Amino acid sequence: MRVGLVGQKDNSRAASVVADICERLDATGVDLAVDETTARALDSAWSAGPPAPAEIGVPVDEMADCDLVVSIGGDGTFLFTARGAGSTPIMGVNLGEVGFLNAIPPEAAVETVATEVERAQREGRVETREMPRIAAAGEDWTLPAALNEVVVQGPRRGHGGGAALEVRVDGSLYTSGEADGVLVATPTGSTAYNLSEGGPLVHPEVGSLVVTEMCAEESMPPLVVDPDTTVTVRVEAPDGSYAVSDGRARQELDAPTQVSIERADEPVRVAGPPLDFFAALSKIE
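Residues numbered from 1 in each chain as written. Predicted model: local features only at pLDDT ≥ 70, side-chain atom pairs only at ≥ 80, totals over all residues. Heavy atoms only, no water.

Undergrad: Just checking my understanding: could you explain the packing of aromatic side chains for this structure?
TA: For any pair of aromatic rings, the description rests on two quantities: the centre-to-centre distance and the angle between the ring planes. Following the criterion strictly, the structure yields two aromatic pairs and no others. Considering the side-chain rings of Phe100 and Phe277, the 6.0 Å spacing of their centres and the 55 degrees angle between planes classify their relative orientation as tilted. Separated by 177 residues along the polypeptide, Phe100 in the loop between strand E5 (90-94) and helix H5 (109-123) and Phe277 in helix H7 (residues 277-281) bring together distant segments of the chain. This pair shows no difference in class: Phe100 is buried, exactly as Phe277 is. Here Phe277 and Phe278 contribute two aromatic rings whose centre-to-centre distance is 5.3 Å and whose plane-to-plane angle is 80 degrees, an arrangement assigned as edge-to-face. Judged by its relative accessible area of 9%, Phe277 falls in the buried class. Judged by relative accessible area, Phe278 falls into the exposed class, the value being 56%. Taken together, the ring pairs connect Phe100, Phe277 and Phe278 into an aromatic cluster. The aromatic ring of Tyr242 is capped on one face by Arg250, whose charged end is 4.1 Å from the ring centroid. (Phe/Tyr/Trp six-rings, centres within 6.5 Å; stacked < 30°, edge-to-face > 60°. Helix = DSSP H or I, 4+ residues; strand = E, 2+ residues; numbered from the N terminus. Buried < 20%, exposed > 50% of the residue type's maximum accessible area, 1.4 Å probe, protein only. Lys NZ or Arg CZ within 6 Å of the ring centre and 35° of its normal.)

Undergrad: Would you mind showing me how to read the sheet that holds strand E15 (residues 241-245) here?
TA: In sheet architecture, strand pairing relies on hydrogen bonds along the backbone and comes in two forms, parallel and antiparallel. Taken together, six strands build an open sheet; the order of strands is E13-E12-E11-E8-E15-E16 and the sheet is antiparallel. In this open sheet, the two strands that pair with only one neighbour each are strand E13 (223-225) and strand E16 (249-253). Geometrically, the sheet is characterised by an average inter-axis angle of 15 degrees between neighbouring strands, direction not taken into account. With five bridges connecting them, strand E11 (residues 181-185) and strand E12 (residues 209-214) associate as antiparallel partners. Counterpart to Val182 in the pairing with E12 is Glu213. (Pairing = 2+ DSSP bridges. Axes fitted to C-alpha atoms, helices over the stretch in contact; angles between N-to-C directions.)

Undergrad: Looking at this structure, how should I read the packing of helix H1 (residues 12-26) against H5?
TA: As a packed pair, H1 and H5 sit with axes 9 Å apart at the nearest point and diverge in direction by 40 degrees. Taken together, the axes of H1 and H5 lie oblique to each other. Crossing angle aside, the handedness with which H1 passes H5 is right-handed. Residue-level inspection shows Val17, Asp20, Ile21, Arg24 and Leu25 of H1 in contact with H5, the latter providing Ala109, Val110, Glu111, Val113, Ala114, Val117 and Glu118. Tallied by class, the residues present in the contact of H1 with H5 amount to eight nonpolar, no polar and four charged. (Parallel < 35°, antiparallel > 145°, perpendicular 65-115°, else oblique. Left-handed = near helix turned anticlockwise from the far one by under 90°. Contact = heavy atoms within 4.5 Å. Nonpolar A, V, L, I, M, F, W, Y, C, P; charged D, E, K, R; others polar.)

Put into structure tokens, the structure is as follows:
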């Protein structure tokens, strides 16, 4: 069995948890892979014997061939890990403030990971549940799938920086006019950027997409639609608008143009204990 470990960058606590998991799993003969940055940070302090972290350090986007990948950090680290891991099961250890994507507290990380690895070795598979992703595409481009949200917006936020947009849901007009942008979120992403833009909270077990306008001149209420809906955003103006997936992957748009957003073929597969959604909600300020 091959297990990947991704620690939050420049976080000594994350590196310590990675080291503890490595030492526990190394004794079981598991094949280990550690993200390159964490491997370099740990190399001088490694005490478990060979292989040393520098020898098992790999880019995160090469962890798709693992049987399980463990993300140690905040929700941003989980999103980063998910982009590289593809359909590989991911287990999240929470070092952040809220942690809607990471169910495991750091003090339980070693035992929880070891228990899951032992069970997977015994049963021949990692038990998972799925989180849907969404994908944005234009005429000649496609962004990496997003676990949280896709945003289509003008060159910048605020007065004079928005765009002229037309938003359709399965071909039917939902709204049009000037706005900073429009955001399409999964249930997972409803607690992230969507929430800060006034969108609704959606329980993760409710199959849906959320469409939320961003500072529109004549705003429509946020809209919850079927998860198999296609949302199309036509950008009439200006050039320099862009589409962005999970706050990182960005595509500049030459207006007029159209962006299609729909559920991606490949979900994120999450391993380990389920998240207590309402406990996480209680941490939102």
